[in-house]
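Structure assessment
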Amino acid sequence: MRVVIDTDACSGHGRCYDLAPVLFTDDERGYGQIVGDGSFTDDQRAAADKAVQACPERAITIVD
Ligand code: SF4
């Protein structure tokens, strides 16, 4: 499983990298970026779900 960001939808609120810095970081303009390829472990699933739910733009999805 991995997280992906719809970069067209992202508005740079920063909640993803505030809540789940192991999975997300920011670019120079404060827009969310995936760390690595976005893959996460079972232990990180809660953090991924939290970011999905917290994104005001619904820009984050979890894919297989
Ligand atoms: S929380 Fe959503 S809108 Fe905000 S930076 Fe992350 S992906 Fe972008």
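Described below are features of the structure shown in this document. (Residues numbered from 1 in each chain as written. Predicted model: local features only at pLDDT ≥ 70, side-chain atom pairs only at ≥ 80, totals over all residues.)

**Some words on the overall build of the chain**
When helices and strands are counted, the chain shows two helices and four strands. Mapped from its N terminus to its C terminus, the chain presents α and β elements in the order β-α-β-β-α-β. Oriented by its inertia axes, the alpha-carbon framework of the chain measures out at about 30 × 20 × 15 Å. Considering the chain as a whole, with its 64 residues, one finds that 23% of them fall into the buried category. A sequence separation of at least 24 residues applies to 58% of the contacts in the chain between residues at least 6 apart. (Helix = DSSP H or I, 4+ residues; strand = E, 2+ residues; numbered from the N terminus. Buried ≥ 20, exposed ≤ 12 C-beta atoms within 10 Å, placed from the backbone. Contact = placed C-beta atoms within 7 Å.)

**Things to note about the site of the ligand**
Taken together, the neighbourhood of the ligand is formed by 14 residues, with Cys10, His13, Cys16, Gly32 and Cys55 sitting nearest. Counted by class, the shell around the ligand contains seven nonpolar, five polar and two charged residues. (Near = placed C-beta within 6 Å. Nonpolar A, V, L, I, M, F, W, Y, C, P; charged D, E, K, R; others polar.)

**Notes on unusual backbone geometry**
In terms of backbone geometry, most residues other than glycine have negative phi values and most peptide bonds are trans. A positive phi angle is found at arginine 58, which is not glycine, with a value near 50 degrees. Within the element layout of this structure, arginine 58 appears in the loop between helix H2 (45–54) and strand S4 (60–63).

**Here's the deal with the nonpolar core**
Membership of the largest hydrophobic core comes to 14 residues, with the highest contact counts inside it found for Cys16, Leu23, Ala51 and Ile60. Those elements that provide at least two residues to this core are strand S1 (2–5), helix H1 (15–19) and H2. Other than its neighbours up to four places away in sequence, isoleucine 60 contacts Val3, Ile5, Cys16, Ala51, Val52 and Cys55. (Core = buried A, V, L, I, M, F, W, Y, C linked by C-beta atoms within 7 Å.)

**Let's talk about the environment of alanine 20**
On the secondary structure map, alanine 20 appears in the loop between H1 and strand S2 (24–26). Assessed through the 23 C-beta atoms surrounding it within 10 Å, alanine 20 is described here as buried. Apart from residues no more than four positions distant in its own chain, alanine 20 is found in contact with Ala47, Ala48, Lys50 and Ala51.

**Examining the environment of alanine 51**
When you line up the elements, alanine 51 lands in helix H2. Leaving out residues up to four positions away in the same chain, alanine 51 has contacts with Val3, Cys16, Leu19, Ala20, Leu23, Phe24 and Ile60.

**A look at the pairing of S1**
Along S1, the buried face is formed by Val3 and Ile5; none of Arg2 and Val4, which line the opposite face, is buried. Bridging between S1 and S4 involves four bridges; their strand directions are antiparallel. Paired with valine 4 across the two strands is threonine 61, which belongs to S4. (Pairing = 2+ DSSP bridges.)

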